[in-house]
Amino acid sequence: MKRILFYTENFCDSTSKGGLEVATFRIAKSLKDSGKWEVLHAFRKKSDGAKKSIYRDVIKLPGLPATFEKNLANFITENRIDVVVNMSRFFRDKSITKAVKSTGMDVKTIFMQHFAPGSEMKKPTFTSGMHLLKLNPYNPAYWLRVSFYPLLKLPRRIKFNKIYESTYQNNDRIILLSDGYIEDYCKIGGFDDNSKFKAIPNIFETDEKKDFKEKKDLIAGKKKQILILSRMDEIQKRMSLALKIWSEIEKDPKFKDWHLDIVGSGHNTDIVKRLIKSLGLKNVSFHGWQPSEHFLKESSILMTTSEYEGLPLSILEAQAYGCVPMAFNSYASLKDVVEDGVNGVIVDRFGDITEYAHKLKELMRNEDKRTQMAENAMDNVKRYSSEKIGNQWLRMLETL
């Protein structure tokens, strides 16, 4: 039986909370359950009480590059690893591929990118800094972002152009979350060859909905509630747009019995709370971080306003509970998950508050339409089961 080694910064098991760690564990488990692969795990940080779990063996690696590479190479050799998958960020690629080459073994390497290509270059920009300052001019961190931007812009862009290109050259396969991201990756890396790319989405499991017999029971219990389930990260999630859209809804007396729940936390919580107050919003509750199941079961619509995503797991989570998602058409993987008017609603122009509010009102006033779309949404998530996505990984590994 062949052996595959997954690398992440944090240990991954069934108790993991982070999106990358959860995705890694689900992929690793699906390969183990196939009976065709033995799975091993390398990581930098291990929580107390973590065990081997599904893995044949595990190793905690040191942080310094030289000892990281030496220990990883020894682990690969001792365990006769066939494939190494880097599920972490770009900065580990050089050390991982160097360690693999030092073994002298025929070991294949894979890099999986869990976010939209180019998204790491969006945050430290002058425009984003000014946007944050406008929303909250009293936060010193936002002033620092604007002040140091001229020193960061060019070096950062050159750095990532080189990293994208070198990562492509160093690995046997690059896994992206959507076919739509291949062109973006090539553009950033400055090359045309796309033979190493494979698009495979993450696994999403629904646990068979233990609390209700069938999907109609869940949908029938929906309330006039709209949900925002998000990390409070203004530059990516654009919470300010969501609140301005909701402000338009509150101005219309026909929707006075609808309520907005905001669930999540993050470093831009100050902006969200400030906007709720400055816009004079009344039918809004900010809950901070909370388990999401209760809100998803009761909410009819999920509002998302992200400028970019990798694969929007919050949308899949909402669809699994019959909560109809709305989103701007601002990232390539969205249309892989949402079919406009069938299992969700897509607003074409990013930032178009008027159009978003118009489509949201249409959905709010049409219960029959929401019901049909909710049923379709619950069916849609079946495409992301461990069996279906696991088979895509098995077929990809056979081509190495």
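Residues numbered from 1 in each chain as written. Predicted model: local features only at pLDDT ≥ 70, side-chain atom pairs only at ≥ 80, totals over all residues. Heavy atoms only, no water.

### Here's the deal with the overall build of the protein
Next, step 1: In terms of regular secondary structure, the protein is built from 16 helices and 13 strands.
Next, step 2: In the protein, the proportion of contacts linking residues at least 24 apart, taken out of those at least 6 apart, comes to 72%.
Next, step 3: About 19000 Å² of surface is accessible on the protein, with carbon and sulfur atoms providing 49% of the total. (Helix = DSSP H or I, 4+ residues; strand = E, 2+ residues; numbered from the N terminus. Contact = heavy atoms within 4.5 Å. Areas by Shrake-Rupley, 256 points an atom, 1.4 Å probe, with all protein chains shown as cover.)

### Some words on the pairing of strand E12 (residues 324–328)
Next, step 1: Burial analysis of E12 places 5 of its 5 residues in the buried class, which makes it a mostly covered element.
Next, step 2: By the alternation rule, side chains of E12 split into Val324, Met326 and Phe328 and Pro325 and Ala327, which are all buried.
Next, step 3: Where strand E11 (residues 301–303) and E12 come together, 3 bridges link them in parallel fashion. Looking at E12, one finds that Leu302 is bridged to Pro325.
Next, step 4: Assessed by its sense of winding, the connection that carries the chain from E11 through helix H12 (residues 313–320) to E12 is right-handed.
Next, step 5: Note that E12 and strand E13 (residues 345–347) share 3 bridges and pair parallel. For Ala327, the partnering residue across the bridge sits in E13 and is Ile346. (Buried < 20%, exposed > 50% of the residue type's maximum accessible area, 1.4 Å probe, protein only. Pairing = 2+ DSSP bridges. Right-handed = clockwise from strand over helix to strand, strands pointing away.)

### Let's talk about the pattern of salt bridges
Side chains that differ in sign of charge can pair as their charged atoms come close.
Next, step 1: Under the definition given, this model contains 17 salt bridges.
Next, step 2: Two residues, Asp252 and Lys254, come together in a salt bridge whose shortest N-O distance is 3.2 Å.
Next, step 3: The exposure class of Asp252 is buried, given its relative accessible area of 11%.
Next, step 4: The salt bridge involving Glu293 is made with Lys297; its shortest N-O contact spans 3.4 Å. A residue pair is termed a helical-turn pair when its members lie 3 or 4 positions apart in one helix, as Glu293 and Lys297 do in helix H11 (residues 293–298) at 4 residues.
Next, step 5: In the salt-bridge network here, residues are joined through shared partners; they are Arg3, Glu38 and Arg56. (Salt bridge = Lys/Arg side-chain N within 4 Å of Asp/Glu carboxyl O.)

### A short note on the pairing of strand E4 (residues 83–86)
Next, step 1: Taking every second residue as pointing to the same face, both faces of E4 are buried, with Val83 and Val85 on one and Val84 and Asn86 on the other.
Next, step 2: With 4 bridges connecting them, strand E1 (residues 2–10) and E4 associate as parallel partners. Across the sheet, the residue bridging to Tyr7 is Asn86, located in E4.
Next, step 3: The sheet contact formed by E4 and strand E5 (residues 108–112) spans 4 bridges and is parallel. The residue of E5 that forms the bridge with Asn86 is Phe111.
Next, step 4: Of the crossover connections in this fold, the one passing from E4 over helix H3 (residues 93–102) to the parallel E5 is right-handed.

### Looking at the packing of aromatic side chains
Next, step 1: This model, assessed by the stated rule, comprises 14 aromatic pairs.
Next, step 2: Arranged with centres 5.5 Å apart and planes meeting at 85°, the rings of Tyr7 and Phe68 form a pair that is edge-to-face. Taken together, the residues Tyr7 in strand E1 and Phe68 in helix H2 (residues 65–78) connect sequence positions 61 residues apart.
Next, step 3: Judged by its relative accessible area of 2%, Tyr7 falls in the buried class. (Phe/Tyr/Trp six-rings, centres within 6.5 Å; stacked < 30°, edge-to-face > 60°.)

### Concerning the sheet that holds strand E10 (residues 284–288)
Next, step 1: Pairing is parallel across the open sheet formed by 6 strands, whose spatial order is E10-E9-E8-E11-E12-E13. Each end of this open sheet is capped by a strand with a single partner; those strands are E10 and E13. Each strand axis lies, on average, 20° off the axis of its neighbour in the sheet, ignoring direction.
Next, step 2: Along the sheet, helix H9 (residues 239–250) contacts strand E8 (225–229), strand E9 (259–263), E10, E11 and E12; its crossing angle with E9, the most-contacted strand, is approximately 165°. (Axes fitted to C-alpha atoms, helices over the stretch in contact; angles between N-to-C directions.)

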